[in-house]
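Structural description and commentary
As a plain string of letters, each chain reads:
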Amino acid sequence: QVQVVESGGGLVQPGGSLRLSCAASGSIFSINDMGWYRQAPGKQRELVARIPDGGSTNYADSVKGRFTISRDNAKNTVYLQMNSLKPEDTAVYYCKALVRVDTSSRVYQYWGQGTQVTVSS
């Protein structure tokens, strides 16, 4: 089985920074794609940032210039550096990994349990 675990959330003042980590472990052959999503109260879950294996990145317009996603392939880990945080960034942040578990072309989707980010003074 594959496990995806997020960490690094917490309470931060507006304008502050947080760095989220997401580590995938288990029966992993390779990870094709990893990304961060968030869900605020009363809103649908939305894409924050993603980084495919090829190294390209994709960001929501609301976080461009403030957030940076990166991967450490050796550790099967993805990071989200969040700077200049705003109250509207408050949400539960979820990590998603698209994983190959063997040499086949099949890709499986795994989600973490989420980590709370609260931006408040």
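Focus on the sheet that holds strand β8 (residues 77-82)
- The four strands are arranged β1-β3-β8-β7 in an open sheet whose pairing can be described as antiparallel. Of all the strands in the sheet, the pair left with one neighbour each is β1 (2-7) and β7 (67-72). Each neighbouring strand pair of the sheet contributes to a mean axis angle of 15°, computed without reference to strand direction.
- Where β7 lies against β8, six bridges are found, and the strand directions are antiparallel. Across the sheet, the residue bridging to S70 is Y79, located in β8.

A closer look at the pattern of salt bridges
- One pass over the full model with this rule turns up six salt bridges.
- For D33, the salt bridge goes to R50, with nearest N and O atoms at 2.3 Å. With a gap of 17 residues between them, D33 in strand β4 (residues 30-39) and R50 in strand β5 (residues 46-52) connect regions that are remote in the sequence.
- Assessed through its relative accessible area of 28%, R50 is described here as partly exposed.
- Here R38 and E46 are joined by a salt bridge, their closest N and O atoms 2.8 Å apart.
- Residue classification places E46 among the partly exposed positions, given a relative accessible area of 35%.
- Among the charged side chains, a salt-bridge network with shared partners connects R38, E46, R66 and D89.

Focus on the pairing of β4
- In terms of burial, β4 is largely enclosed, as seven of its ten residues are buried.
- Sheet topology note: the β4/strand β9 (residues 91-100) ladder contains nine bridges and is antiparallel. Bridge assignment links Q39 to a residue of β9, and that residue is V92.
- Direction of pairing for β4 relative to β5: antiparallel, over a ladder of six bridges. Pairing of G35 across the sheet is with R50, part of β5.

Overview of the packing of aromatic side chains
- Considering all chains together, one arrives at one aromatic pair under this definition.
- Positioned above the aromatic ring of Y94, the side-chain terminus of R45 is 3.8 Å from the ring centre.
- Positioned over the ring face of W111 is R45, at 4.8 Å from the centre of the ring.

Structural notes on unusual backbone geometry
- Unusually for a residue other than glycine, N76 sits at a positive phi of about 50°.
- Tracing the sequence through the fold places N76 in the loop between β7 and β8.
- Judged by its relative accessible area of 24%, N76 falls in the partly exposed class.
- A positive phi angle, near 50°, is found at S84, a position not held by glycine.
- Position of S84 among the secondary structure elements: in the loop between β8 and β9.

Section: the state of the cysteines
- Counted according to the given criterion, the structure contains one disulfide.
- A sulfur-sulfur distance of 2.0 Å marks the disulfide that ties C22 to C95. Disulfide C22 to C95: torsion about the S-S bond roughly -80°, handedness left-handed. On the criterion of sequence distance, the pair formed by C22 in strand β3 (residues 18-26) and C95 in strand β9 is long-range, its members being 73 residues apart. Across the pair, exposure class does not vary: C22 and C95 are buried alike.

Rules of the game
- Each chain has its residues counted from 1, running along the sequence as written.
- Only residues with pLDDT of at least 70 are given local features in this predicted model, and only at 80 or more are side-chain atom pairs given and counted; all residues enter the totals for whole chains, interfaces and linings.
- Each side-chain value is derived from all of the structure's non-hydrogen atoms; neither hydrogens nor water enter the calculation.
- Here, strands pair whenever DSSP counts at least two bridges between them.
- Where helices and strands are cited, they refer to DSSP runs of H or I of at least four residues and of E of at least two residues respectively, numbered from the N terminus.
- Inter-axis angles, ranging from 0 to 180 degrees, are taken between N-to-C directions of lines fitted to C-alpha atoms, where helices are fitted over the stretch in contact.
- For this document, the term salt bridge refers to a Lys or Arg side-chain nitrogen within 4 Å of an Asp or Glu carboxyl oxygen.
- Only protein chains enter the accessibility calculation, which uses a 1.4 Å probe; a residue is then buried when its area is under 20% of its type maximum, exposed when over 50%, and partly exposed in between.
- Aromatic rings from Phe, Tyr and Trp, with only the six-membered ring used for Trp, were paired whenever their centres fell within 6.5 Å, and each pair was classed as stacked if the ring planes differed by under 30 degrees, edge-to-face if by over 60, and tilted otherwise.
- Throughout this description, the term charge over a ring refers to an Arg CZ or Lys NZ atom that lies within 6 Å of the ring centre and within 35 degrees of the ring normal.
- Any pair of cysteine sulfurs within 2.5 Å is marked as a disulfide.

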